[in-house]
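Below, each chain spelled out in residue letters.
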Amino acid sequence: MREKFINKEGRLIRKLSELEEDKLKNYKAEGEFLNVVLHMPDGYRLFDQNGGFVRPQTNRQLEKPIEFLDGGWLELYVFEVLKDFFKKGSPENQKIFLSDSNNNVSLDANLLIKKSDWTKNFELDVVIINGYQLVGISCTTSKETHICKSKGFEIHMRTRQIGGEEAKAVLITRLRDDNVMSLEKELQLDIGSGENLIVLGNRDLRSDIICEKIQDLIK
């Protein structure tokens, strides 16, 4: 989907005048992606109930949903899936509990981490704290293996810096099955640990699969 909203300079388009509607005539939004789209506010939906493209009326109504659909939707989807999987407690601190245990677990999204010796701040897309164990989750809609690999290294390194050697990392991508398996093996080999990092791909985005794989990781 991303390539349909890229201008000639390779950046996300921001104006209606940059929109090439011919690219979108035969495109259909489907599955969980369409479900996310239909939950967006009126006037900011780029696709109708059947997944067909709807031309926005203003530049803002084009720019904001494109930014969100470029990557933010996956972070929101993963967070909502995990939130539904866990039983919610106090809405103030978003304390939740594993549905099949008494372990106290907290869940948060877009958590900004700052350290004085870092050249830039780091944001965890989704973070689970299971007792003393931190699980950092990074989400990317990129289908480029080298981009996903870079994000895999980063989420592993940052979670270890924040949560110590027991910290675990999850990289959620839109990669195909064969690319997911090879990337996971590469990352685990490079970081020297096969137990602290997993990679999920396009076929793993079903809510039950996400929850099962992450639950297995933090057991």
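Structure first, text after, so check above.
Moving on, we get to the overall build of the chain. When helices and strands are counted, the chain shows 5 helices and 7 strands. Of the regular secondary structure in the chain, the N- to C-terminal order runs α-α-β-β-β-β-β-α-β-α-β-α. Relative to its full complement of 219 residues, the chain shows a buried share of 45%. Within the chain, contacts between residues separated by at least 24 positions form 52% of all contacts whose residues are at least 6 apart in sequence.

The subject of this paragraph is the packing of aromatic side chains. In this structure the tally under the stated criterion is 3 aromatic pairs. Geometrically, the ring pair formed by Phe5 and Phe53 is tilted, given 6.4 Å between the ring centres and 50° between the ring planes. In this pair, Phe5 sits in the segment before α1 (31-38) while Phe53 sits in the loop between α1 and α2 (59-85), placing the two residues 48 residues apart along the sequence. Neither residue differs from the other here; Phe5 and Phe53 are each classed as buried.

To continue, consider the nonpolar core. Ranked by size, the top nonpolar core spans 45 residues in total, and within it Phe47, Val78, Leu82, Ile137, Val170, Ile172 and Ile210 carry the most contacts. Among the elements that take part in this core, α2 stands out by supplying 10 residues, more than any other. For Ile137, the contacting residues outside a window of four places in its chain are Val78, Leu82, Leu124, Asp125, Val126, Ile128, Ile155, Val170, Ile172 and Ile214. Among the nonpolar cores identified, the runner-up in size contains 15 residues, and Leu183, Leu187, Ile191 and Val199 belong to it.

With that settled, consider the side chain of His156. For His156, the location among the structural elements is in helix α3 (residues 145-163). Residues contacting His156, with those up to four places away along its chain left out, are Ala169, Ile191 and Leu197.

With that settled, the discussion passes to the pattern of salt bridges. Applying the stated criterion across every chain, the model contains 9 salt bridges. Measuring nitrogen to oxygen at the nearest pair gives 2.9 Å for the salt bridge that ties Lys149 to Glu186. In this pair, Lys149 sits in helix α3 while Glu186 sits in helix α4 (residues 177-191), placing the two residues 37 residues apart along the sequence. Look at Lys149 and you get partly exposed, because its relative accessible area is 21%. For Asp190, the salt bridge is made with Lys149, and the minimal N-O distance between the two is 3.5 Å. Placement of the pair is Asp190 in helix α4 and Lys149 in helix α3, with a sequence separation of 41 residues. For Asp190, a relative accessible area of 45% corresponds to the partly exposed category.

Here we take up the pairing of strand β5 (residues 133-139). For β5, a buried count of 7 out of 7 residues is recorded, marking the element as mostly surrounded by other parts of the structure. Of the two faces of β5, the one holding Gln133, Val135, Ile137 and Cys139 and the one holding Leu134, Gly136 and Ser138 are both buried throughout. As judged from the 5 bridges shared by strand β4 (residues 122-130) and β5, these two strands associate in the antiparallel manner. Opposite Asn130, over in β5, you have Gln133 as the bridge partner. Between β4 and β5, which pair antiparallel in sequence order, lie 2 residues; one of them, Gly131, sits at a positive phi of approximately 70°. Looking at chain direction, β5 and strand β6 (residues 168-172) are connected through 5 bridges and run parallel. Its bridge partner being in β6, Ser138 is matched across the sheet by Leu171. In the classification by handedness, the crossover that spans β5, the intervening α3 and the parallel β6 is right-handed.

Let us now look at the packing of α3 against α4. The interhelical angle for the contact between α3 and α4, taken along N-to-C directions, is 40°, at an axis separation of 10 Å. Between α3 and α4, the angle falls in the class oblique. The crossing of α3 and α4 is right-handed. Across the interface between the two elements, Thr145, Cys148, Lys149, Gly152, Phe153 and His156 of α3 pack against Asn179, Leu183, Glu186, Leu187, Asp190 and Ile191 of α4. Its residues assigned to classes, the contact of α3 with α4 comprises 5 nonpolar, 4 polar and 3 charged.

Rules behind the numbers
- Residues numbered from 1 in each chain as written.
- Predicted model: local features only at pLDDT ≥ 70, side-chain atom pairs only at ≥ 80, totals over all residues.
- Heavy atoms only, no water.
- Helix = DSSP H or I, 4+ residues; strand = E, 2+ residues; numbered from the N terminus.
- Buried < 20%, exposed > 50% of the residue type's maximum accessible area, 1.4 Å probe, protein only.
- Contact = heavy atoms within 4.5 Å.
- Phe/Tyr/Trp six-rings, centres within 6.5 Å; stacked < 30°, edge-to-face > 60°.
- Core = buried A, V, L, I, M, F, W, Y, C linked by side-chain atoms within 4.5 Å.
- Salt bridge = Lys/Arg side-chain N within 4 Å of Asp/Glu carboxyl O.
- Pairing = 2+ DSSP bridges.
- Right-handed = clockwise from strand over helix to strand, strands pointing away.
- Axes fitted to C-alpha atoms, helices over the stretch in contact; angles between N-to-C directions.
- Parallel < 35°, antiparallel > 145°, perpendicular 65-115°, else oblique.
- Left-handed = near helix turned anticlockwise from the far one by under 90°.
- Nonpolar A, V, L, I, M, F, W, Y, C, P; charged D, E, K, R; others polar.

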